[in-house]
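# Close look at the chain arrangement
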Amino acid sequence: MSTSSQDPHGPRIDWASFEIHAPEVIKALRALGQAVDEGGLDKSLTELLKVRASQLNGCAFCLQFHLNLARKLGVPAPKLDLAATWHEAGSVYTARERAALQWTEALTLMAGQPITDTAYAELQSQFSEKEIALLTTSIGAINAWNRIAGSLQFTPPIPKAAA
C-alpha cells in the first residue's frame, strides 16, 4: 500500500506490499546473493561494498540494511564510518578492500564514466578471476536492490536500540 499521498516521506510501496506483489523477484535477487556467499567471497567485504554502493545510489533502506548486517559480522566501525571517504582514509582499508571499493564505484557509476583498464588492473592485482566474477555479481545485485528499494522508498530498517 502506498503512503505517499498521506506522507510525502513515506514509502511509495512498502516492503510488505513488495513482498506480496514480487515474491519471485525477491527470490531471484536473494539467490544471486546466496550464490556469491557460497562462492567463498568474504561476507564482510561484500557487505562493505554494498554499503558503499548504497551510499552512491542514495538508497536509505539498503544502506541501513547492510550497515546492520556488517555490524553483526563484526566489520570494524571505522571501515563503515569512512566508507564514503575511503579514498582519503589511508590505512583504514587494505589494498584488497581499496581495489574492491574502487571497482564498486566504477560499476555503480558506469553510466556516467567508463570503467577504466586501470581500475580493472588494480582489481586483478588483488583478486582471482573467480573472485572478480563474484564481486561483480554482488555489486550488480546491490545496484538492482538499490534501484528497487530506493525508487519505491522502502522504510529503512533502523535497529530498535538506535531508534
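As shown above, the structure is provided for reference.
Presented here is a report on the structure given in the accompanying data block. (Residues numbered from 1 in each chain as written. Predicted model: local features only at pLDDT ≥ 70, side-chain atom pairs only at ≥ 80, totals over all residues. Heavy atoms only, no water.)

A few words on the side chain of Ser54. The topology assignment puts Ser54 in helix α3 (residues 43-57). Residue Ser54 is classed as buried on the basis of its relative accessible area, which comes to 1%. When sequence neighbours within four positions are dropped, the list of residues in contact with Ser54 reads Cys59, Cys62, Leu63, Ile142 and Asn146. (Helix = DSSP H or I, 4+ residues; strand = E, 2+ residues; numbered from the N terminus. Buried < 20%, exposed > 50% of the residue type's maximum accessible area, 1.4 Å probe, protein only. Contact = heavy atoms within 4.5 Å.)

Take the nonpolar core next. Of all hydrophobic cores here, the largest spans 26 residues; its most connected members are Leu80, Tyr93, Phe127 and Leu135. Only α3, α4 (60-72), α6 (95-108) and α8 (129-152) provide two or more residues apiece to this core. No other element matches α6, which puts 6 residues into this core. With residues near it in sequence (within four places) discarded, Leu80 still touches Leu48, Val51, Leu67, Ala70, Arg71 and Val75. Counting residues in hydrophobic clusters, the runner-up holds 14 residues, among them Ala53, Ile142, Leu152 and Phe154. (Core = buried A, V, L, I, M, F, W, Y, C linked by side-chain atoms within 4.5 Å.)

Assignment of secondary structure puts Ala111 in the loop between α6 and α7 (117-126). It is 26 Å that separates the C-alpha atoms of Ala111 and Ser128, two residues lying 17 residues apart in sequence.

The next thing to look at is the side chain of Thr46. Tracing the backbone through its elements, the reader meets Thr46 in helix α3. Given the relative accessible area of 1%, Thr46 is considered buried. Engagement of the side chain of Thr46 in a polar contact is seen with the backbone oxygen of Lys43, the distance being 3.0 Å. When sequence neighbours within four positions are dropped, the list of residues in contact with Thr46 reads Val36, Leu41 and Ser138. (Polar contact = N/O pair within 3.5 Å; in protein donor to acceptor, adjacent residues only side chain to side chain.)

Let us now look at α3. Over its 15 residues, α3 runs 21 Å from end to end, which matches the ideal 21 Å to within 8%, given 1.5 Å per residue. For α3, the complete set of buried residues consists of Leu45, Thr46, Glu47, Leu48, Leu49, Lys50, Val51, Arg52, Ala53 and Ser54. Among the structural elements, α2 (23-38), α4, α5 (77-81), α6 and α8 are those in contact with the buried residues of α3. The N-cap of α3, judged by a side-chain oxygen 3.3 Å from the amide nitrogen of Ser44 a few residues on, is Asp42. Phi turns positive, to about 65°, at Gly58, one or two residues after α3. (Expected span 1.5 Å × (residues − 1).)

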